Amino acid sequence: TTCLQRSHTRLGSSKEMAKQVAFSGILSNAPEYNPDFYNWNKVRVRYCDGSSFTGNKEEVDPSTNVHYRGARVWQAVIEDLLAKGMNKAKNALISGCSAGGLTSILHCDRFHQLLPADANVKCLSDAGFFINVKDITGANHAEAFFNDVVATHGSAKNLPSSCTSKLPAGVCFFPQNEVQQIQTPLFILNAAYDSWQVIIR
């Protein structure tokens, strides 16, 4: 139901997204605001799939026409960027916020493997370190949520096998079960309180 609702918004369809967005913060091209990365090539991949680009179901519900193919979106974007010169990158940083921050964790090593062997690659997760804890009622709603994502989107085969070989796929969405296996340098930025984690009950 929520995927169908999102398919009519910018969170689920490129038809509803703004045509242009401002690049600020780490994406800014102003050296006074972004001295480390102002002159890098930057790409913003919009949130659109609800599974941090891990979904890949062949079947489509004929009554809703909702597709669960975030992994294919990810692959198409990466192939396009590699063809446009990213295959020659000397330095690369993948970053995202919230679900995008989770994306930068889940795809960190695979992103690195696509680039030249001598490239300097790093991953930055901003507010994407969702934790698997019980809420104030004692229920584990976050885990149930991610189990539903795996079932709905068919995400299991696109989550890091270093996790899914040991744990159920749903808990492999939690970075606490991923980060120790990641080989690429990973930087985590997270607030002490995250509104999404607070309201997932």
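Residues numbered from 1 in each chain as written. Predicted model: local features only at pLDDT ≥ 70, side-chain atom pairs only at ≥ 80, totals over all residues. Heavy atoms only, no water.

In plain terms, the rule: UniProt positions are given in the numbering used here, feature names are shortened, and annotations may be inferred rather than shown by experiment.
In the annotation of an unreviewed UniProt entry, the protein is listed under the name Pectin acetylesterase and assigned to Aegilops tauschii subsp. strangulata. Listed in UniProt under the heading Function (unreviewed entry), the comment for the protein reads: "Hydrolyzes acetyl esters in homogalacturonan regions of pectin. In type I primary cell wall, galacturonic acid residues of pectin can be acetylated at the O-2 and O-3 positions. Decreasing the degree of acetylation of pectin gels in vitro alters their physical properties." The UniProt entry for the protein carries the following comment under Subcellular location (unreviewed entry): "Secreted, Cell wall".

### So, the layout of surface pockets
The condition that has to hold: For cavity detection a 1 Å grid was placed over the protein atoms alone, and a set of points counts as a cavity when a 1.4 Å probe fits there but cannot get out; an open set counts as a pocket when protein lies on both sides within 12 Å along at least five of seven lines, with lining residues being those that have an atom within 4 Å of a point. Grid points are joined across faces, edges and corners, and a volume is the space filled by probe spheres set on the points. A run of DSSP states H or I qualifies as a helix once it reaches four residues; a run of E qualifies as a strand once it reaches two. Both are numbered from the N-terminal end. The classification used treats Ala, Val, Leu, Ile, Met, Phe, Trp, Tyr, Cys and Pro as nonpolar, Asp, Glu, Lys and Arg as charged, and all other residues, Gly among them, as polar.
By volume, the second largest pocket is sized at about 590 Å³. If you go around the second largest pocket, you meet 22 residues; those closest to its centre are S7, G12, S13, C48 and H67. Sorting the residues of the lining of the second largest pocket by element identifies α1 (2-6) and α2 (70-83) as the ones contributing at least two each. Residue classes in the lining of the second largest pocket are distributed as seven nonpolar, 10 polar and five charged.

### Some details on the pairing of strand β1 (residues 91-97)
Counted only if it meets this: Buried means the residue's accessible area, taken with a 1.4 Å probe over protein chains only, is under 20% of the maximum for its type, while exposed means over 50%, and partly exposed covers the values in between. Strands are labelled as partners when DSSP assigns at least two bridges between them.
Going residue by residue along β1, you find A92, I94 and G96 tucked away on one face and N91, L93, S95 and C97 left uncovered on the opposite face. The pairing of β1 with strand β2 (residues 120-126) spans seven bridges and is parallel. Along β2, the bridge assignment pairs S95 with L124.

### Digging into the nonpolar core
Let me state the cut-off plainly: We call a set of buried Ala, Val, Leu, Ile, Met, Phe, Trp, Tyr and Cys residues a nonpolar core when their side-chain atoms join them within 4.5 Å. Two residues form a contact once any of their heavy atoms are found within 4.5 Å.
Of all hydrophobic cores here, the largest spans 18 residues; its most connected members are I78, M86, F111, L115 and V121. Top contributing element to this core by residue count: α2, with four residues. In contact with M86, other than residues within four places in its own chain, are I78, L81, F111, L115 and P116.

### Some words on the packing of aromatic side chains
Two measures describe an aromatic ring pair: the distance that separates the ring centres and the angle between the ring planes. Put simply, the rule is: Each Phe, Tyr or Trp ring, with Trp reduced to its six-membered ring, pairs with another whose centre is within 6.5 Å; inter-plane angles below 30 degrees give stacked pairs, above 60 give edge-to-face pairs, and intermediate values give tilted ones.
Counted according to the given criterion, the structure contains six aromatic pairs. With centroids separated by 6.3 Å and ring planes inclined at 45°, the aromatic side chains of F130 and F146 adopt a geometry described as tilted. Taken together, the positions of F130 in the loop between β2 and α5 (141-153) and F146 in helix α5 put the pair 16 residues apart, joining distant regions of the chain. In terms of burial, F130 and F146 fall into one category: buried. Pairwise contacts between aromatic rings join F130, F145, F146, F173 and F174 into one cluster.

### Points about the sheet that holds strand β3 (residues 186-189)
Basically, it comes down to this: In this description, a line fitted to the C-alpha atoms serves as the axis of each element, helices being fitted only across the stretch in contact, and the angle between N-to-C directions of two axes falls anywhere from 0 to 180 degrees.
Strand order across the open sheet formed by three strands is β1-β2-β3, with parallel pairing between neighbours. Two strands in the sheet have a free side with no partner beyond their single neighbour: β1 and β3. Averaged over all pairs of adjacent strands, the angle between their axes in this sheet comes to 15°, without regard to strand direction. Where β2 and β3 come together, four bridges link them in parallel fashion. Residue pairing across strands places S125 opposite I188, the latter belonging to β3. Against the sheet, helix α3 (residues 99-106) engages β1, β2 and β3, with an angle of about 140° to β1.

### Quick notes on the environment of C48
Here C48 lies in the loop between α1 and α2. Along the chain, C48 and R6 lie 42 residues apart, while their C-alpha atoms are 8.6 Å from each other. Apart from residues lying up to four places away in sequence, C48 is in contact with L11, G12, M17, F53 and V73.

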